[in-house]
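Overview (structure and organization)
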Amino acid sequence: MENKNLVVDEEVKTEPRDFIRQIIDKDNESGKYDGRVHTRFPPEPNGYLHIGHAKAICVDFGIAKEYNGLTNLRFDDTNPVTEDIEYVDSIQEDIKWLGYSWDDRLYYASMYFEKIYQYAQQLIKKGLAYVCSLSLDDIREYRGTVKEAGKPSPDRERPIEESLDLLERMKNGEFEDGAYTLRAKIDMAHSNMKMRDPLIYRIKNASHHQTGDKWHIYPMYDFAHCLEDSIEKITHSLCTLEFQNNRALYDWFLDALDIYHPQQIEFARLELTHTVTSKRKLKELVEKGLVDGWDDPRMPTLCGLRRKGYPAEAIRNFCEAVGLAKRNSTVELALLEYHVRQVLNKSSLRMMGVINPLKVVITNYPEGQDEWLDAVNNPENPDDGTRKVPFSKELYIERDDFMEDAPRKFFRLSQGREVRLRYAYFIKCHDIVKDENGEIIEVHCTYDPETKGGNAPDGRKVKATMHWVSAQHAKQVEVRMLNNLFSEENPNKKEEGKTFIDFLNPDSLEIKTNCFVEPELANAKSGVNYQFERIGYFILDSKYSTKEKPVFNRTVTLKDAWKKIKNKKK
RNA sequence: UGGGACGUCGACAAGUGGUAAGUCACAUGGUUUUGGUCCAUGUAUCCGCGGGUUCGAAUCCUGCCGUCCCAACCA
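None of the values given here were measured: they were computed from a predicted structure. (Residues numbered from 1 in each chain as written. Chains lettered and ligands numbered in written order. Predicted model: local features only at pLDDT ≥ 70, side-chain atom pairs only at ≥ 80, totals over all residues. Heavy atoms only, no water.)

Brief notes about the overall build of chain A
Looking only at helices and strands, one finds 14 helices and 27 strands in chain A. What you see for chain A is a C-alpha radius of gyration of 31 Å, clearly larger than the 25 Å of a compact globule of 570 residues, by over 25%. Principal-axis analysis of the C-alpha atoms places the extent of chain A at approximately 100 × 70 × 45 Å. Counting only residues that meet the buried cut, chain A has 51% of its 570 residues in that class. Counting only carbon and sulfur atoms, one obtains 46% of the accessible surface of chain A, whose full area is about 27,500 Å². Distance between charge centres in chain A, computed from 85 positive and 95 negative side chains, equals 4 Å. (Helix = DSSP H or I, 4+ residues; strand = E, 2+ residues; numbered from the N terminus. Rg over C-alpha atoms; globule rule 2.2 N^0.38 Å. Buried < 20%, exposed > 50% of the residue type's maximum accessible area, 1.4 Å probe, protein only. Areas by Shrake-Rupley, 256 points an atom, 1.4 Å probe, with all protein chains shown as cover. Lys, Arg positive; Asp, Glu negative; His and termini not counted. Charge placed at Lys NZ, Arg CZ, Asp CG, Glu CD.)

Laid out in structure tokens, this is it:
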């Protein structure tokens, strides 16, 4: 009886649906778009994609995929002066890397310029648009404020024929930038500022990366976007919250023109702690040389995260976990890192590497001898097999793994203590060597030959298993310890006399040049994530690494229980 | 003459009148040749605040309070 109830419960339980999926479910039920789901991802090619865009991409492409629908990639290239072909290339690369495909549906707003122009003419003919000669300043003044109504432009009643003629001449390049604009005739007293006779076209005598010098006028976002969606027969036009006010205009244009009408739905954008995602700020970091370009591994850009070693799958899982709602929120970096560790733990080959070396001499190990021991490549995946690691008289261990006056909770190496060297032997420390400054430069140990492979025949236990490398066999490499770009959780916070630059983490990049890795890692492959056991995940840097001098980036640390204990004591 | 949206655990987030899901973080145990992974357990008598309706309210009504967005010829 009890069992039966349990089964019923499980059947009834459904995955939580976010509000957008609920809307689509309803639309499908009512047959609103004949069951079609067709979304679009519409970036303006004026910057590199970052983690915030990743959410939008996962939403746009992910949801459509779920419903067996389609997603278009569309460059919203309506402002030639801010855009560049460099960005249209990088954006495509990043979307592909994230794992999504637009198949052959790659569009540009600029492909529709002719059509959009005709729609503008229609609007004029319907008496719903006019050419305005007000200057930029005057337009602003005439618009009024949020609490006061605006006043009509003197050109508001310009005859249709005249507006048509003027628009044609604007298009032909007869006027200077700013001389005229085309405006929708809506309501200068509307409580929604976006509805106070918004601009439809402005003159820009600028060369466009797609259309060259063909056009001298370019449509504004609000006019172009709804038309693009309509032309492409988009069903659900998903965008971020700041466009909520624009929706009234979106609907107004499509109603005025009486054409196919997609629905715009807004959701909260993704904000992350310890970083910035505003295009302006990212650009400032690059231009001031505070980072090593857009793909600096500390940047939240997709190319930066990729270079740092974040797997695309982890970013997708993260976006899924973050959810979809209308509440502005900032997600903790810890959640992203959790998902990175999660996928890396399953897939990464384990290797041994020492970041801060301390020499260990095995005093009872024969001089000149070495032996190659078996090591498991990935305990999470036996199919990855094993490899050989060399052992010899002189080794390196991590400095943090030895402590002279060790507290009770410190399980690692210390005088008189026995520990296991992973896949090798138990060793016991009997001596330390210091330099004139009192700093430990060498640790002397004995090993127990009976414990080869790491097990004691007498069943003796040790508290710690440590990583190590053989000094004579190890490869010296450079390792870049990447930390949060900002030490402040919220670098955007307003503080007297400070900007986000002041919250930069001075230790965001620690370059370690005296690191040693096991021979296998001398042949590390680019683009492959490795786990340095007990330390973290690492990947060859795509920019600075060479065969002779490998450079590794630390993708993310392993969780560190000891660090927590240590810090608690302080 | 202001308008539009939003307030549920430290961070996200379900919940749609029947008595507060889940994830991360945190804490405690267990397993472990990574102080990793994995597993188990614990963590909101309460849903911004105050009234009201109801047998019953996070869900409905009402009044406050708070946060975000809008006055680019940006998107």
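More follows now that the structure is in view.
Description of the protein's contact with RNA strand B
Around RNA strand B, the surrounding shell holds 76 residues, and the nearest of these are K147, A189, R350, R412 and G453. Counting only the atoms of RNA strand B that lie within 4 Å of the protein, the sugar and phosphate share comes to 63%. In this structure, S191 approaches RNA strand B through a main-chain N or O atom, which is 3.2 Å from a base nitrogen. R412 has a polar side-chain atom sitting 2.4 Å from a base nitrogen of RNA strand B. For the surface near RNA strand B, the elements supplying multiple residues, two or more each, are α6 (136–142), β6 (199–203), β11 (329–331), α13 (333–347) and α14 (561–569). Tallied by class, the residues present in the surface near RNA strand B amount to 27 nonpolar, 23 polar and 26 charged. (Near = heavy atom within 4 Å. Polar contact = N/O pair within 3.5 Å; in protein donor to acceptor, adjacent residues only side chain to side chain. Nonpolar A, V, L, I, M, F, W, Y, C, P; charged D, E, K, R; others polar.)

Considering the nonpolar core
I51, I95 and I315 are the most contacted members of the largest nonpolar core, which totals 47 residues. Here this core gets 9 residues from one element, more than from any other, and that element is helix α3 (residues 51–66). Ignoring any residue separated from it by four or fewer positions in sequence, one finds I95 in contact with F41, L49, I57, F61, L73, Y100 and W102. With 37 residues, the next largest nonpolar core counts I186, F223, C226 and L249 among its residues. (Core = buried A, V, L, I, M, F, W, Y, C linked by side-chain atoms within 4.5 Å. Contact = heavy atoms within 4.5 Å.)

Comments concerning the state of the cysteines
Taken as a whole and judged by the stated rule, the model has 0 disulfides. Lacking any disulfide linkage, C319 is separated from the closest cysteine sulfur, that of C58, by 4.0 Å. Judged by relative accessible area, which is 7%, C319 ranks as buried. (Disulfide = S-S within 2.5 Å.)

A closer look at the pairing of strand β1 (residues 38–41)
Within a regular strand, the side chains alternate between the two sheet faces. Going residue by residue along β1, you find H38 and R40 tucked away on one face and T39 and F41 tucked away on the opposite face as well. Sheet topology note: the β1/strand β2 (residues 70–75) ladder contains 4 bridges and is parallel. Note that in β2 the partner of F41 across the bridge is L73. The β-α-β motif built from β1, the intervening α3 and the parallel element β2 has right-handed crossover chirality. (Pairing = 2+ DSSP bridges. Right-handed = clockwise from strand over helix to strand, strands pointing away.)

A closer look at the sheet that holds strand β27 (residues 551–557)
Here 7 strands make up an open sheet; going across it, the order is β12-β25-β26-β27-β23-β24-β13 and the pairing mixed. Looking along the sheet, the strands with just one partner apiece sit at the ends: β12 (349–351) and β13 (353–354). The sheet contacts of α13 involve β12, β26 (536–540) and β27, and relative to β27 the element is tilted by about 115°. (Axes fitted to C-alpha atoms, helices over the stretch in contact; angles between N-to-C directions.)

Quick look at the sheet that holds strand β17 (residues 394–398)
Read across the open sheet, the 7 strands follow the order β21-β18-β19-β20-β14-β17-β22; overall the sheet is mixed. For this open sheet the edge positions go to β21 (465–466) and β22 (469–470), each flanked by a neighbour on one side alone.

Quick notes on the environment of D89
Note on placement: D89 falls in helix α4 (residues 85–98). Assessed through its relative accessible area of 46%, D89 is described here as partly exposed.

What about the pattern of salt bridges?
Considering all chains together, one arrives at 46 salt bridges under this definition. With its nearest N and O atoms 3.0 Å apart, the salt bridge here joins R74 to E228. Of this pair, R74 sits in strand β2 while E228 sits in helix α8 (residues 221–231), placing them 154 residues apart in sequence. According to the relative accessible area criterion, E228 is buried, its value standing at 0%. A salt bridge links R280 to E284; the nearest nitrogen and oxygen atoms lie 3.7 Å apart. (Salt bridge = Lys/Arg side-chain N within 4 Å of Asp/Glu carboxyl O.)

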